[in-house]
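# Survey of secondary and tertiary structure
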Amino acid sequence: MIDALDPGGPVNSVPPNDVHAAWLPPEAFRALGSRRSLVCGEGTLVDTVRDEIARACVRYGGSTDRPHPRPDRRPADDRSAAGTAYDLVLALVPAGLLPIAAAAVDVVYRRRYGAGTLGEEGFLLARHTEVTVVLAEAPAGLLYGLFHLVRLGESAFGLTRPMELHRPAMRLRMLNHWDNIDVHPVMGQVERGYAGGSIFWQDGARREDLTRVGAYGRLLAACGVNAVSVNNVNVHATEARLLTDRLGDVAAIADVLRPYGIRVHLSVSFAAPVMLGGLSSADPLDEAVREWWADATKRVYESVPDFGGYVVKADSEGQPGPFGYGRSHADGANVLADALSPYGGVVHWRAFVYNHRQDWRDRSTDRARAAHDHFVPLDGQFRDNVILQVKHGPMDFQTREPVSPVIAGMPGTRLAVELQVTQEYTGQQRHICYLAPWWSEVLGFGPWGDDGPTVAAVAAGASVGDAAERGAAGDGGGLVAVSNVGDDPFWTGHPLAQANLYAFGRLAWDPRLAPTAVLDEWIELTFAASAPNGLGLVRRVLRAIMDDSWRTYERYTAPLGVGFMVHPGDHYGPDVDGYEYSRWGTYHFADRDGVGVDRTRASGTAFTGQFPPPWRDVYESVESCPDELLLFFHHVPYGHVLHSGSTVIQHIYDTHFAGVEQVVAMRQQWERLAGVIDPGVHARVRERLDEQVRCATEWRDQINTYFFRKSGVPDAHGRRIH
Ligand code: GCV
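Residues numbered from 1 in each chain as written. Predicted model: local features only at pLDDT ≥ 70, side-chain atom pairs only at ≥ 80, totals over all residues. Heavy atoms only, no water.

Under an unreviewed UniProt entry, the protein chain has the name Alpha-glucuronidase and belongs to Micromonospora eburnea.

Right, here's the structure in full:
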């Protein structure tokens, strides 16, 4: 828990005292707060930078100045009014006269990169004549520069530093909240939320006190997120009204997030013209419907001038959509896009459209194919301000899936890739599962092979390598993720799940960052208060526990990419046949001879044909298909020999025994931190690790027993199977 010091001022976004400080404990600001700094520039976000530094200075004895109001009275060198030299200058350029060090860095910047290179969000960091200088051309850049300094700590003030230019690879770095205003009878306050209630809504109303939302905005800015949608994509009756008579709630949230450069977006119902406007239809080609959207959107911008746009789940899992009127998803998305376009807003239109009432006997329908079948024929038909939001895998955030072929299939459409930070299928924040290694694999994947653009480049709308060199994000749809935050004192239920939220923001800013480096950053910031010797131990223990935790989770749950062996409904814990005879299109087809889904062109659903070369052929062939996806693409006998040399059945046994052993080892490692870190954090993680050991054991025993009973093949090592 933090001991917050707040000197007042326009920004009051430190979390309340009973809320964990996450990656911004006061100690993370020690290096900044003990320096003499000058902040040059005007505007809300520059004020935020000033307030952050001022707050740190109150605690750590530094000082912060504004430029002298009369430039002619400015000291001739980099000295404060009190006559002492500045250690740090953060400046918006061009912004009148700059202190000497900053002016010198500015000259080099212009010569080397050219004015305008930093853009809306970039910043430059340099060290000149013992002064650390951060320059930006727009206020958001200065804010991101500030948080970069926080990450660097003392090393920002080391003797020398080469000049660094930072710009985000993705222009849009967005979190979707699946938060309901009313408590939903089945899904609760937050759908798939594992961290308590919503920070925005409570029992049918907006929370009066939005301090927590401000603190959230501050955490998000510090890892690079710049957009948040505030309500569930399943839009129920009360939530639909956020677009009209509850707009004041949206405006109040936007006011609190604005000082941290975060724009608010809204999930809307496609049927809003009927539900809210009293029209008889929501047909996107009906003129009255177009006018209704245009009017409603105009009123949104009157309340929230920097409103980001709409998020839409249409014709999906019971949500209304254009199919109801015989129209295409391009027709549907474009009517909203036209309404938003005069104000610069965007529509995030989700590609998660599939038949959720499938007959399990029907072998001709394959849910994995659905998004590609529906959307690829529409490529080129969407307006420029439509962003098609595609889940990274073709199914639904299973522990292992191939990359969705839609990402390679729509060169004429802006695409955003959707990740899931909330751990719906990855242990629900009761299990430790650091997701950055997985996301990093996805973002670095080349849908056209190793020589083509990566998934990250498609989402960025530019080559990511180029973006780093030239500092130019393209006009891609960016990265979106479902948030894992709630009103839990630790924000994410499991304190270590904070690392996933942090890592999402950092990878959206720079997808090339190594997951281990991001984990280290998070550890250094979050545990900054640990004694210097303690921090080394914390780093060693957390890396031992977290680095490989996604693969550990994969080992003890559904094997070889097959997916959906979870308990139906709540999706927690094992239930091997729970979805086997259901309507959701989620089957593994295990029988006495083998297991897996035949998605080949030769004999199955032909899903492999949705991929461009080389993957269409790599996945098609049982010989070349990667082991970890084998059962996603093929139905194979239990005796099939993997590339690893093991048989499928022996692999299942081995990984499940190993997975549980690894969790037990994680539990032991954690004990090394007793007395080293905050006791509250220690106790919460210990309690969750106990549950992880229990649940992993249950997974192991159910999976192993199920496949032993199906196959009759004993474990080669004679271990206990029930
Ligand atoms: C918000 C999965 C989840 C649903 C979620 C849906 C979606 O099916 O289980 O809770 O609904 O994905 O992404 O829309």
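Don't stop here, the text continues.
### Some words on the overall build of the protein chain
Scanning the protein chain from terminus to terminus reveals 23 helices and 20 strands. By the compact-globule yardstick of 27 Å for 722 residues, the protein chain fits well, its C-alpha radius of gyration being 26 Å. Across the protein chain, contacts joining residues at least 24 apart in sequence account for 70% of those joining residues at least 6 apart. Summed over all atoms, the accessible surface of the protein chain reaches about 25500 Å², with 51% contributed by carbon and sulfur. Averaged over its 69 positive side-chain charges, the protein chain has a centre that lies 4 Å from the centre of its 88 negative ones. (Helix = DSSP H or I, 4+ residues; strand = E, 2+ residues; numbered from the N terminus. Rg over C-alpha atoms; globule rule 2.2 N^0.38 Å. Contact = heavy atoms within 4.5 Å. Areas by Shrake-Rupley, 256 points an atom, 1.4 Å probe, with all protein chains shown as cover. Lys, Arg positive; Asp, Glu negative; His and termini not counted. Charge placed at Lys NZ, Arg CZ, Asp CG, Glu CD.)

### Comments concerning the site of the ligand
Around the ligand, the structure places 14 residues, and the nearest of them are Glu191, Lys313, Arg350, Lys391 and Glu424. At a separation of 2.5 Å, an oxygen atom of the ligand approaches a polar side-chain atom of Glu191. Its free accessible area being 340 Å², the ligand has 97% of it covered by the protein chains. (Near = heavy atom within 4 Å. Polar contact = N/O pair within 3.5 Å; in protein donor to acceptor, adjacent residues only side chain to side chain.)

### Concerning the packing of helix H9 (residues 287-303) against helix H10 (residues 329-340)
At a minimum axis distance of 8 Å, the contact between H9 and H10 shows a crossing angle of 40°. By the angle class used here, H9 and H10 are oblique. Our pair here, H9 against H10, has a crossing hand that is right-handed. From H9, Arg290, Trp293, Ala294, Thr297 and Tyr301 reach across to H10, where they touch Val335, Leu336, Asp338, Ala339 and Leu340. Class assignment for the residues of the contact of H9 with H10 results in seven nonpolar, one polar and two charged. (Axes fitted to C-alpha atoms, helices over the stretch in contact; angles between N-to-C directions. Parallel < 35°, antiparallel > 145°, perpendicular 65-115°, else oblique. Left-handed = near helix turned anticlockwise from the far one by under 90°. Nonpolar A, V, L, I, M, F, W, Y, C, P; charged D, E, K, R; others polar.)

### Considerations on the domain arrangement of the protein chain
Per the domain assignment, the segments of the protein chain are domain 1 (26-166), domain 2 (173-295 + 384-513) and domain 3 (553-597 + 635-711). The C-alpha centroid of domain 3 is placed 28 Å from the C-alpha centroid of domain 2. Contacts between the two partners involve 23 residues from domain 2, matched on the other side by 26 residues from domain 3. A combined buried area of about 2100 Å² lies between domain 2 and domain 3, and 61% of that area is made up of carbon and sulfur atoms. Between the two partners, domain 2 and domain 3, sit two salt bridges. Asp488 is paired through a salt bridge with Arg684; the nearest N and O atoms lie 3.0 Å apart. Taken together, the connections running from domain 2 to domain 3 amount to 15 residue pairs in polar contact (both at pLDDT 80 or more). Partitioning the side of domain 2 that touches domain 3 into residue classes produces eight nonpolar, nine polar and six charged. (Domains from an automatic or database assignment. Buried area = accessible area lost by both parts, 1.4 Å probe. Salt bridge = Lys/Arg side-chain N within 4 Å of Asp/Glu carboxyl O.)

### Looking at the sheet that holds strand E5 (residues 131-136)
Strand order in this open sheet of six strands is E2-E1-E3-E5-E4-E6, and the pairing throughout is mixed. Both edges of this open sheet fall to strand E2 (63-65) and strand E6 (164-166), since each of them pairs with a single strand only. Recorded for the sheet is a direction-independent mean angle of 15° between the axes of neighbouring strands. Sheet topology places strand E4 (residues 123-128) next to E5; five bridges connect them, and they run antiparallel. (Pairing = 2+ DSSP bridges.)

### Quick word on the packing of aromatic side chains
What describes a pair of aromatic rings is the distance from one ring centre to the other and the angle between the planes of the rings. Evaluation of the coordinates by the stated rule reveals 31 aromatic pairs. Relative to Phe527, the ring of Trp522 lies with its centre 5.8 Å away and its plane at 90°, an arrangement referred to as edge-to-face. Comparing Trp522 with Phe527 shows no difference in burial state: the two are buried. Members of the aromatic cluster, joined through ring pairs, are Phe445, Phe607, Phe611, Trp615, Tyr619, Phe632 and Phe633. Here Arg35 stacks its cationic end above the ring of Phe157, 4.1 Å away from the centre of that ring. We note Arg363 situated over the ring of Phe589; from NZ or CZ to the ring centre the distance is 3.7 Å. (Phe/Tyr/Trp six-rings, centres within 6.5 Å; stacked < 30°, edge-to-face > 60°. Buried < 20%, exposed > 50% of the residue type's maximum accessible area, 1.4 Å probe, protein only. Lys NZ or Arg CZ within 6 Å of the ring centre and 35° of its normal.)

### Structural notes on the environment of Gly96
Take Gly96: it is sitting in the loop between strand E3 (88-92) and helix H3 (100-112). For Gly96, a relative accessible area of 69% translates into the label exposed. C-alpha separation for the pair Gly96 and Cys40, spaced 56 residues apart in sequence, amounts to 8.9 Å.

### A word on H10
The first and last C-alpha atoms of H10 sit 17 Å apart over twelve residues, in line with the 16 Å expected at 1.5 Å per residue. What H10 keeps buried is the set His329, Ala330, Gly332, Ala333, Asn334, Val335, Leu336, Ala337, Ala339 and Leu340. Tucked inside the fold, the buried residues of H10 contact H9, strand E14 (309-312), strand E15 (346-350), helix H11 (370-375) and strand E16 (386-391). Capping the start of H10 is the job of one residue whose side-chain oxygen sits 3.2 Å from the backbone nitrogen of Ala330: Ser328. (Expected span 1.5 Å × (residues − 1).)

### As for the pairing of E3
Along E3, five of the five residues are buried, which leaves the element largely enclosed by surrounding structure. Residues Leu88, Leu90 and Leu92 of E3 are buried on one face, and the alternating residues Val89 and Ala91, pointing to the opposite face, are buried as well. Bridge analysis of strand E1 (residues 36-40) against E3 gives four bridges, and the strand direction is parallel. If you follow Ser37 over to E3, its bridge partner there is Leu88.

### Topic: the nonpolar core
The biggest cluster of nonpolar side chains holds 211 residues, and the ones touching the most others in it are Trp23, Trp293 and Trp522. Excluding residues within four positions of it along the chain, Trp23 makes contact with Ala28, Leu219, Ala222, Cys223, Gln498, Leu501, Tyr502, Trp522, Leu525 and Thr526. Counting 19 residues, the second largest nonpolar core, distinct from the first, contains Val89, Ala91, Ala102 and Tyr109. (Core = buried A, V, L, I, M, F, W, Y, C linked by side-chain atoms within 4.5 Å.)

### Things to note about the environment of Asp286
Its place among the elements puts Asp286 in the loop between helix H8 (272-275) and H9. Since its relative accessible area comes to 28%, Asp286 is described here as partly exposed. Sequence spacing of Asp286 and Val335 is 49 residues, and the spatial spacing of their C-alpha atoms is 9.7 Å.

### A look at the side chain of Thr552
In this fold, Thr552 is placed in helix H19 (residues 549-556). A relative accessible area of 5% means that Thr552 is categorised as buried. Excluding residues within four positions of it along the chain, Thr552 makes contact with Gly659, Gln662, Val663 and Met666.

### Comments concerning the packing of helix H22 (residues 648-671) against helix H23 (residues 679-711)
With their axes 9 Å apart at the nearest point, H22 and H23 run at an angle of 165° to one another. In terms of orientation, H22 lies roughly antiparallel with respect to H23. H23 is crossed by H22, and the crossing has left-handed handedness. Classifying every residue of the contact of H22 with H23 by side-chain character gives 18 nonpolar, six polar and five charged.

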